[in-house]
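Observations on the model geometry
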Amino acid sequence: MLSKGLNEKLTQVGPGTPGGRLLRYYWHPVAATAELETNPVKKVRILGEDLVLYRDRSGHLGLIDEPCPHRRVSMEYGIPEQEGLRCPYHGWLFNHEGRCTEQPAEPWNSTFKDRVVTKAYPVQEQGGLVFAYLGPEPAPLFPRYDGFVAENAIRQIGATMLPCNWLQCQENSLDPTHAEWLHFYYGRYLRQRMGKAAPRPPRRHVRIGFSRYEHGLIKRRVLEGGTEEEDNWRVGHPIIFPNYLRQGTGGRSGYIYFQIRVPVDDTHTWHLMYMAYIAGVPMPPQASIPFFDVPLYDQDGKVDVSFLDGQDQMAWVSQGPVAKRDQEHLGQGDIGVIMFRDLLQEQIERVERGEDPMEVYRDPATNQRIDFVHEGMRSPDPYPGYALRGGHMKFSPEFGVVAAAYREAEQRHSTGEALMERPLAPLVPWHPGGSRAIQREVDIFPANTPLPPATTTW
C-alpha cells in the first residue's frame, strides 16, 4: 500500500513533477516512421506536453511546441518546407531548433524573428520508430537495444492507446503469477463460453524471484515440475527500467519482443508491441516497417479480452485512470511490484540530487549494441510458435511473411542445413545472493496444489 502522496509522486509525468523529471532523462517513442509516410506532420502528446512532429522537405525531423507563438494556431496544420515547418496562418517558419527563420508580414530588415523561439526537442529514428528526448541537456545517447538494431530481421510495430497511467501497465510485468489466472483460468472461462476447447493447463508457479541488475530487474520463476537449474530461474528475463519489458526466444532462429509503455500523460499510455523476427534465413530489407493498430475495445464497447494482450490491457485499464494504490492489499506474491516501486522511488531521488538515473547512456563504448539475456535464448527450436500466437498477431499485416520465414528455417533445420549466425549475449546466470544483485524470492504454491477444476457449462 502506498500513500496518496507517494502514488502521485510515482505516477505523475508532467513538467516539474518528480516522476516527470525522471522520465525526461529517457528517449521515448512519439511516432512510427510509417505514420509520416502518408502525412509528414503529426500532433503528438508525450509526458503531458502537446507537440508537433514533422519531416521537412530535406528529410530532417523536428519536434516543436504545438501552438505557433504568433497567434497560437496549431502547427499540426503546418506546411513542411525545405528546412522547417511553416505556420499555415501567417507563414512564420520554424526550424528544428525552434528558432523562427521567416516572418513574411514583417519588414525585410526586421530583427523581430531573431527574438522569437518556440519550444523544440531533439528527435531521432531507430528501428521504425521516432524517439524524442524532453530532458535536460546534454541529451544522453540513444540506447542501441538489440531489437532496434538487429540485422536480417523482419520488424513490425503494433500499438494501442490506453486510458490509464503507464505505471499500472509496467507493474504487470513484475507480476508473474497473473499468467496462470488471467491468461489460463480466466481465458479458459472465456473459451468455454464461446464453445471452444480449453487450452492446455499451465505449469503453476512454485517459486518466484527478482534480481536487480544494471538494466533494471530480472524476473525469475520455478514452475511445477521444474528446478532451479532451468533457465526460467537461473537466467529469467529482463524488465528494462523504466518502461520496457523484454521477451524473446531462440538461438539462430527466434524473435525479440519489446513491450514499451509510453507515458502520454497521467491518464494515458501509448502501448507499443515491437517485434523483431530473426528466422535465421536471408530476408530482403524492409522498405518500410509496418505499423498497425491493435484495437482496445470489442464490438460491445468493452475491452477485447479474446486474446492474451487484450486480457492484460483489461487488467490495466480496469484499475482506473490512475490506480488507487493507497487502497491495495499486497501480499508476498507481489514482491516484484514492491521492488519496482522501490527502484522507481530511488531513481526519482537520484534525479532530485542532480544525478543521472540508471539506464542512461553517456559513453559510446557501452552503447555499441545492448544485447539482453533471457530464458530460452539457447533454444534450438527453429519455429518459435509463441511469436506467431501472440494475440496482437491477428491484426498484423506481416503475419504471412513472418510465418513463411520460420517455415523456411524449420525446413532447413530439418535437413541439417545451418541457419545464419545471430549475435547472442553471454548467458550469465543470476544466482541467489550474487554480489551484483539485490535478490528477493518467495515460495508461492506447493507443487501439488492444482488450479480449480474447469466448469463445462456456464
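Before reading further, recall that the structure is shown in the block above.
Residues numbered from 1 in each chain as written. Predicted model: local features only at pLDDT ≥ 70, side-chain atom pairs only at ≥ 80, totals over all residues. Heavy atoms only, no water.

**Some details on the pairing of strand β2 (residues 41-46)**
Across six bridges, the pairing between β2 and strand β3 (residues 49-55) is antiparallel. Bridged to Val-41 within β3 is Tyr-54. Here β2 folds back onto β3, and the loop between the two strands holds two residues, one of which, Leu-47, carries a positive phi near 55°. (Pairing = 2+ DSSP bridges. Helix = DSSP H or I, 4+ residues; strand = E, 2+ residues; numbered from the N terminus.)

**Details of unusual backbone geometry**
The omega torsion of the bond from Glu-137 to Pro-138 falls at 0°, within 30 degrees of zero and hence cis. Along the chain, Pro-138 falls in the loop between β11 (129-133) and α4 (146-149). With an omega of 0°, the peptide bond running from Phe-241 to Pro-242 counts as cis. Tracing the sequence through the fold places Pro-242 in the loop between β15 (237-240) and β16 (244-250). One non-glycine residue with positive phi stands out, namely Arg-72, at about 70°.

**Digging into the packing of aromatic side chains**
Counted under the stated rule, the structure contains 22 aromatic pairs. Arranged with centres 5.5 Å apart and planes meeting at 75°, the rings of Trp-181 and Tyr-185 form a pair that is edge-to-face. With Trp-181 and Tyr-185 both in helix α6 (residues 178-193), this residue pair falls four residues apart, about one helical turn. Its relative accessible area of 28% is what places Tyr-185 among the partly exposed residues. Judged by centre distance (5.6 Å) and plane angle (70°), the rings of Phe-307 and Phe-395 are edge-to-face. One end of the pair, Phe-307, is in the loop between β19 (291-293) and α8 (308-317); the other, Phe-395, is in the loop between α10 (385-389) and α11 (399-414), with 88 residues separating them in the sequence. The buried category is assigned to Phe-307, whose relative accessible area is 5%. The rings of Trp-27, Phe-131, Tyr-133, Phe-142, Tyr-145, Phe-148, Tyr-244, Phe-258, Tyr-274 and Phe-372 are connected pair by pair, giving a single aromatic cluster. The ring centre of Trp-233 lies 4.3 Å from the NZ or CZ of Arg-220, which sits over that ring. (Phe/Tyr/Trp six-rings, centres within 6.5 Å; stacked < 30°, edge-to-face > 60°. Buried < 20%, exposed > 50% of the residue type's maximum accessible area, 1.4 Å probe, protein only. Lys NZ or Arg CZ within 6 Å of the ring centre and 35° of its normal.)

**Some thoughts on helix α1 (residues 4-11)**
Leu-6, Asn-7, Leu-10 and Thr-11 are the residues of α1 that are buried. Along the axis of α1, the buried positions cluster into a sector of 125°, meaning they face one direction only. As for α1, its buried residues are in contact with α5 (166-172) and α9 (335-352). (Arc of directions from axis to C-beta. Contact = heavy atoms within 4.5 Å.)

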